[in-house]
Amino acid sequence: MKIESLSYILIETTDIQKWESYAHDVVGLMKNEKKSNENNLFLRIDESPFRFQVQKGETERYVLGGFELANKQEFDDAKKQLSDIGVSYEEQGDDLVNVRCVEELITLKDPAGNSLELFYGRSSDEEEFKSPQDISGFVTKGLGLGHLVFGALDIEPVHDFYIEVLGFGDSDIMHMKFSPNPEDPESALYFMHCNNPRHHTVAFIQAPSPPSGLVHAMIEVENSEQVVKALDRAVANDVHISSTLGRHMNDKMFSFYMQTPAGFMLEFGCDGLQPDWNTFKTTNCPAPSYWGHEFNIPEA
Ligand SMILES: [Fe+2]
């Protein structure tokens, strides 16, 4: 199976208005007015009809990620591969296909219990993308939305699933201690890429999955000025800053992290590495960052 990119994520909230303000005032996401209604907020960062769907529900959480396959042939091959190895999936009908603006869609779960959608044929919006903030554009062309980082205690089966079933490749594998206690075992961190140059599209940390269902999502802008301006907007709007500015070692990203209304963090960065996978060798970075990224995550 060859996944082309992470295309969208679905988020559940009890308070659509809070998400709308956060998206507009802080992140600089464009509301898709035609598609949104009182129970669903569709947010754009480029020509896609949406990259974030925020739906009204009972909880504040990340729900699922939508991953794109190149075409019907790849989609049918993916379904056959899942059936052959005994991974169950569900075919979705027109209702969901229309909501997600795709041709065909299946849903399945990874071994950690995270829900995924696989699809092909996503349409573009006719209306030109324009951020409500001073953002020239988000970096998505041929790269997808950004990246997602999950927690999973039983990390090896889920890593195997992304590599062997979904066809991801290892970008960086880290082992580190999260506490100063010498008795604590090291945790593994797997950073994986799909069939595009973004350094990692999915990563797993060997840690419990947080109540929000996601450790963080990352979106990328074109330059550092736009990162710092987003940090200023977050501070001005009393959004909790979960990490100071810093530069990551594995994907070279210059970024900060902030809390979203769903409880997971949003990494807002630039300068993400785009390796040539034909010559790239998986790295084992000794630390998450060269400098900065001092985390201050609120208790869930
Ligand atoms: Fe990240």
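Everything numeric here is computed off the predicted structure, so don't read it as measured data.

Chemist: Describe the overall build of the protein, and please don't skip the residues or the numbers.
Modeler: When its secondary structure is counted, the protein shows five helices and 17 strands. For 300 residues, the compact-globule formula gives about 19 Å, and the C-alpha radius of gyration of the protein, at 18 Å, lands near that figure. Here the C-alpha coordinates of the protein stretch approximately 50 × 45 × 40 Å along the principal axes. In the protein, which comprises 300 residues, the share counted as buried stands at 42%. For the protein, long-range pairs separated by at least 24 residues make up 68% of all intrachain contacts whose partners lie at least 6 apart in sequence.

Chemist: Explain the domain arrangement of the protein to me, using residue names and the numbers behind them.
Modeler: Each domain of the protein was delimited in the assignment, giving domain 1 (3-120) and domain 2 (147-292). One C-alpha centre belongs to domain 1, the other to domain 2; they are set 20 Å apart. Taken together, the contact between domain 1 and domain 2 spans 26 residues of the former and 31 residues of the latter. In terms of residues, the side of domain 1 that touches domain 2 owes the most to one element, strand β1 (residues 3-13), which gives seven residues.

Chemist: Let's hear about the sheet that holds strand β13 (residues 216-220): which residues, and what values?
Modeler: As summarised here, the arrangement of the nine strands in space is β10-β11-β12-β9-β13-β16-β15-β14-β17, forming an open sheet in which the pairing is mixed. With partners counted over all chains shown, the strands left at the sheet margins are β10 (169-176) and β17 (289-292), one partner each. With direction set aside, neighbouring strand axes in the sheet form an average angle of 20°. As paired elements, strand β14 (residues 241-248) and β17 share three bridges and run antiparallel to each other. Considered in β17, the bridge of G246 is made with G292.

Chemist: So what's going on with the environment of E4? Residues and values would help.
Modeler: With respect to the secondary-structure elements, E4 resides in strand β1. Along the chain, E4 and S289 lie 285 residues apart, while their C-alpha atoms are 27 Å from each other. E4 has contacts with E68, L69, A70, C194, N195 and N196, leaving out every residue within four places of it along the chain.

Chemist: Can you explain the environment of F254? Please cite residues and give values.
Modeler: Considering the arrangement of structural elements, one finds F254 in strand β15 (residues 254-259). Given 20 C-beta atoms within 10 Å, F254 falls into the buried group. Placed 69 residues apart in sequence, F254 and P185 show a C-alpha to C-alpha distance of 29 Å. If we ignore the near neighbours within four places in the chain, the residues touching F254 are S224, V227, R247, G269, C270 and D271.

Chemist: So, the sheet that holds strand β5 (residues 61-69): which residues are in play, and what are the values?
Modeler: In spatial order, the strands read β2-β3-β4-β1-β5-β8-β7-β6; together these eight strands make up an open sheet with mixed pairing. A single partner strand is all that each edge strand has here, and the edge strands are β2 (30-31) and β6 (90-91). In the sheet, strand β7 (residues 104-109) pairs with strand β8 (residues 115-120) via six bridges, with the strands oriented antiparallel. Bridge assignment links I106 to a residue of β8, and that residue is L118. Helix α1 (residues 16-27) contacts β1, β2, β3 (40-44) and β4 (52-56) of the sheet and is inclined by roughly 10° relative to β3. Packing of helix α2 (residues 72-85) onto the sheet brings it into contact with β5, β7 and β8, and relative to β8 it is tilted by some 140°.

Cut-offs applied
- Residues numbered from 1 in each chain as written.
- Predicted model: local features only at pLDDT ≥ 70, side-chain atom pairs only at ≥ 80, totals over all residues.
- Helix = DSSP H or I, 4+ residues; strand = E, 2+ residues; numbered from the N terminus.
- Rg over C-alpha atoms; globule rule 2.2 N^0.38 Å.
- Buried ≥ 20, exposed ≤ 12 C-beta atoms within 10 Å, placed from the backbone.
- Contact = placed C-beta atoms within 7 Å.
- Domains from an automatic or database assignment.
- Pairing = 2+ DSSP bridges.
- Axes fitted to C-alpha atoms, helices over the stretch in contact; angles between N-to-C directions.

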